[in-house]
Every structure is written in C-alpha cells, then in structure tokens.
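Chain by chain, the residues run as shown.
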Amino acid sequence: MNFFFAALGVLGVASSGPLIAATLGATSVSALAIAFWRNAIAAAVMATPTLVREPGQFRKINRREFRWSLVAAIALALHFACFITSLQLTSVAAATALVCLQSAWIAVFQLIRGTRHRWQVLAGLGIAFGGVVAITGFDLGSSSQALLGDLLALAGGALAGLYTLAGGKARQSMTTGTYTTLCYGMCAAFVAVMAVLSGQPLAGFEAGGWLGIAAITVCAQLVGHTMFNHLLATMSPLLVSMIILLEIPGAALLAALFLHETLPAGTYAGLGLILAGLAVVVLGQRSGRGTRRGTAPGEEPPSDRPLVELGTD
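All values reported here derive from a predicted model rather than from experimental measurement.

Parameters and conventions
- Residues numbered from 1 in each chain as written.
- Predicted model: local features only at pLDDT ≥ 70, side-chain atom pairs only at ≥ 80, totals over all residues.
- Heavy atoms only, no water.
- Helix = DSSP H or I, 4+ residues; strand = E, 2+ residues; numbered from the N terminus.
- Rg over C-alpha atoms; globule rule 2.2 N^0.38 Å.
- Buried < 20%, exposed > 50% of the residue type's maximum accessible area, 1.4 Å probe, protein only.
- Contact = heavy atoms within 4.5 Å.
- Areas by Shrake-Rupley, 256 points an atom, 1.4 Å probe, with all protein chains shown as cover.
- Lys, Arg positive; Asp, Glu negative; His and termini not counted.
- Charge placed at Lys NZ, Arg CZ, Asp CG, Glu CD.
- Phe/Tyr/Trp six-rings, centres within 6.5 Å; stacked < 30°, edge-to-face > 60°.
- Core = buried A, V, L, I, M, F, W, Y, C linked by side-chain atoms within 4.5 Å.
- Expected span 1.5 Å × (residues − 1).
- Axes fitted to C-alpha atoms, helices over the stretch in contact; angles between N-to-C directions.
- Parallel < 35°, antiparallel > 145°, perpendicular 65-115°, else oblique.
- Left-handed = near helix turned anticlockwise from the far one by under 90°.
- Patch = residues over 30% accessible without salt bridge, like charges linked within 9 Å, V, L, I, M, F, W, Y side chains within 5 Å.
- Salt bridge = Lys/Arg side-chain N within 4 Å of Asp/Glu carboxyl O.
- Disulfide = S-S within 2.5 Å.

1. Details of the overall build of the protein chain
Part 1: Helix and strand content of the protein chain: 13 helices and zero strands.
Part 2: Listing the helices and strands of the protein chain from first to last along the sequence gives α-α-α-α-α-α-α-α-α-α-α-α-α.
Part 3: Relative to a compact globule of 313 residues, whose C-alpha radius of gyration would be 20 Å, the protein chain shows 19 Å and is just as compact.
Part 4: Overall, the protein chain is about 55 × 50 × 40 Å in size when its C-alpha atoms are taken along their principal axes.
Part 5: In the protein chain, buried positions account for 52% of the 313 residues.
Part 6: By sequence separation, contacts in the protein chain at least 24 residues apart represent 83% of the contacts at least 6 residues apart.
Part 7: Accessible area for the protein chain stands at about 13,700 Å²; split by element, carbon and sulfur atoms hold 69% of it.
Part 8: Here the protein chain contributes 17 positive and 12 negative side-chain charges, whose respective centroids are spaced 14 Å apart.

Pasting the structure below:
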C-alpha cells in the first residue's frame, strides 16, 4: 500500500510544473492567480479541521510564532511568483529541477550559519550545482528568455529553502494545522497584493482556467503533499526524501508526454546531475546524523529535519 501512496505522491508533485505550464499557455489565468488560489484554498482546507478540533489554537499564537510564520509566508509568496513565472520562460523540466534545489540551498544556508556538514553533503552540493551550470549554459546558448526563466527557478528554490527553515522555527511550538493555515493564508494575502501592484487579475477567467487552478491545487497540494505527509508516519524520513526526488524525472516525463517538450541532450545531463547531487546530499546528511556524537561550543546543532522537505510545488 505504501508503494501505491508513494507513486500517487510522486505523480501529484510531478504534475505541478506541467499543469501550471499548460494552464498558463492555454487560458487567460495569470501566474499570480495560480499562486493565490492554490494557497487560499489550501488555507481553507487546513483551517477547517483545526477550527473543529481545537478552535482556540489561533488565539494562542505568540509573537515568535507569528514572526517566523510571516517570514515563511513572504518567502513562499516570492517562491511561487518566481517559479510559476519561470514556467512561462523556460522548459518545465529545467524549471522543476532548478526549483527542487531547495534542499541544496538549505544546506548552503546552514553552512553560512556555521553548521558543519560531512564531505558527502559538500560533494553532493558540487554535483547538483554542476547540473545548474549545465542547464543554464545550454539555455544561454538558446535564448536569453530561457536563461531568465532558469534564474527565476533557481531563485524560487532558494526562497523555498528559506520558507522551509523559517517554517521549521515556527513549527517547533505550533501544530501543523495552525501553522499551515496561518502561513498559507498570509501567503495568499501577499500574493494578492503583488497581483494588484503588477496588474495581474485574480478572477474573471474562463471555465478551463478555473479547471486548471483546481487541478493544480488538488493534484500537487492536496494529493501530492498529503501522500508524503502520510508516508512520514509509516516510512523513514530518508526514504521519503529520496522518493520526493523522483519529482524531477517525473515532471520531465510528463512534460514530454503531454506538452511534447523536447530538450537538448546536455539539459538532460544537467537534470541527471541535479538528481544525483541531491541524492548524495540527502544520504550524506543522514549518515552524518548517525555518527555525530556532540556539538562543539558555538556550533549550531544539526537539524533533525531532512534537508529535502515536502516540496512547495
């Protein structure tokens, strides 16, 4: 049964890029409208059981929890703005692979903050960013538009890493339902402000556009991420983290099948390097956690959360 849930989860998250690209290309839906409705609907879905079971949870939110949730919400809003826009400029496969580097960015942020990683993690980062160079190099040779899309997806991955780290701070004392409701709700509000400032509509779309928004929300957000949340209760975080990496080849395959997307051989090589590098990062982080006995004075303790978190896309 776990295999079925894992396959469903991978299919859900891998469908995000192709569904967004198809919706943007075939309807009048704007990039920020997708981000807004996806987060607004998710906030409503997560709020319902929390309000039914523990209606007083939202009154207990303190300043620290609100501050970290706010940082996470802003990072998530900017992440969606960057990633969804990138899908209009570059290939689905490249955008998905580059935004999935959030786990590598988390490791980089931890390095900046003084966390010591094993050499396997550093080697994995080098391999993954070698894949970035390959993809952006080939896109630079094809068009400046594709390169801009790559850079936006890369920024989206960094913002997703920041969102994960800030969310981890907030969730130290918040329930999942309370945090996700607050974070998704504030994210939707920030996206709405960005939409107004940029002149992107949030409504008034044709039926096909609303169908696309619904498909993105259900497949990627509610089905994909829910399946991985379920698997974390029955499988090791390491195995779940490795399974999530299948989003990269999964999105490339779906884009090739349904959007008839073809890429240069060098770009596929870059996708492979990113996938291999992230796998090494996950394995290296996990093995390091098992061998480290203590923390040196002044050194940040290693996180007990996997570097590859449940994705945002």
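2. Considerations on the environment of Asn 2
Part 1: Mapped onto the elements, Asn 2 comes out in helix H1 (residues 2-14).
Part 2: A residue is classified by how much of its surface remains accessible, and Asn 2, at 30% relative accessible area, is partly exposed.
Part 3: On a C-alpha basis, the gap between Asn 2 and Ala 214 in space is 26 Å, while along the polypeptide they are 212 residues apart.
Part 4: Setting aside residues up to four positions removed in sequence, Asn 2 forms contacts with Leu 231, Thr 234 and Met 235.

3. Description of the packing of aromatic side chains
Part 1: Under the definition given, this model contains six aromatic pairs.
Part 2: Residues Phe 205 and Trp 210 carry aromatic rings whose centres are separated by 5.4 Å and whose planes lie at 55° to one another, so their mutual orientation is tilted.
Part 3: Three or more aromatic residues joined by ring pairs make a cluster, and in this case those are Phe 36, Trp 37, Phe 205 and Trp 210.

4. Considerations on the nonpolar core
Part 1: In terms of nonpolar packing, the biggest core is built from 71 residues, with Ile 20, Ile 34, Ile 84, Leu 98, Leu 101, Tyr 163 and Ile 274 touching the most fellow members.
Part 2: For this core, the element with the highest residue contribution is helix H9 (residues 176-198), accounting for 10 residues.
Part 3: Not counting the four nearest positions on each side in its chain, Leu 101 is found in contact with Ala 128, Phe 129, Val 132, Leu 154, Ile 274 and Leu 278.
Part 4: Counting residues in each nonpolar core, the second largest holds 11 residues, with Phe 5, Ala 6, Phe 228 and Met 235 among its members.

5. Considerations on H9
Part 1: Its 23 residues give H9 an end-to-end C-alpha distance of 32 Å, which sits within 8% of 33 Å, the value for a rise of 1.5 Å per residue.
Part 2: In the segment just after H9, Gly 199 is the residue with positive phi, at about 75°.

6. Quick notes on the environment of Ala 93
Part 1: Within the element layout of this structure, Ala 93 appears in helix H5 (residues 92-99).
Part 2: If we skip the residues at most four places from it in the chain, Ala 93 touches Ala 252, Glu 261, Leu 263 and Leu 271.

7. So, the packing of helix H8 (residues 144-170) against H9
Part 1: Between H8 and H9, the shortest axis-to-axis distance is 11 Å and the interhelical angle comes to 135°. Considered as vectors, H8 and H9 are oriented oblique to each other. Between H8 and H9 lies a crossing whose hand is right-handed. Listed contacts from H9 to Tyr 163, Gly 167 and Ala 170 of H8 are Tyr 179, Cys 183 and Tyr 184.

8. Some words on a nonpolar patch on the surface
Part 1: Taken together, the side chains of Leu 253, Leu 257, Phe 258 and Leu 259 present a nonpolar region at the surface, about 430 Å² in accessible area.
Part 2: Checked against the element boundaries, Phe 258 lands in helix H12 (residues 247-258).
Part 3: Residue Phe 258 is classed as exposed on the basis of its relative accessible area, which comes to 64%.

9. Points about the state of the cysteines
Part 1: Within the structure shown, the criterion is met by zero disulfides.
Part 2: Distance from the sulfur of Cys 100, which forms no disulfide, to the nearest cysteine sulfur (Cys 82) is 15 Å.
Part 3: For Cys 100, a relative accessible area of 14% puts it in the buried group.
Part 4: There is no disulfide at Cys 183, and the cysteine sulfur nearest it, in Cys 187, is 6.4 Å away.
Part 5: Residue classification places Cys 183 among the buried positions, given a relative accessible area of 0%.

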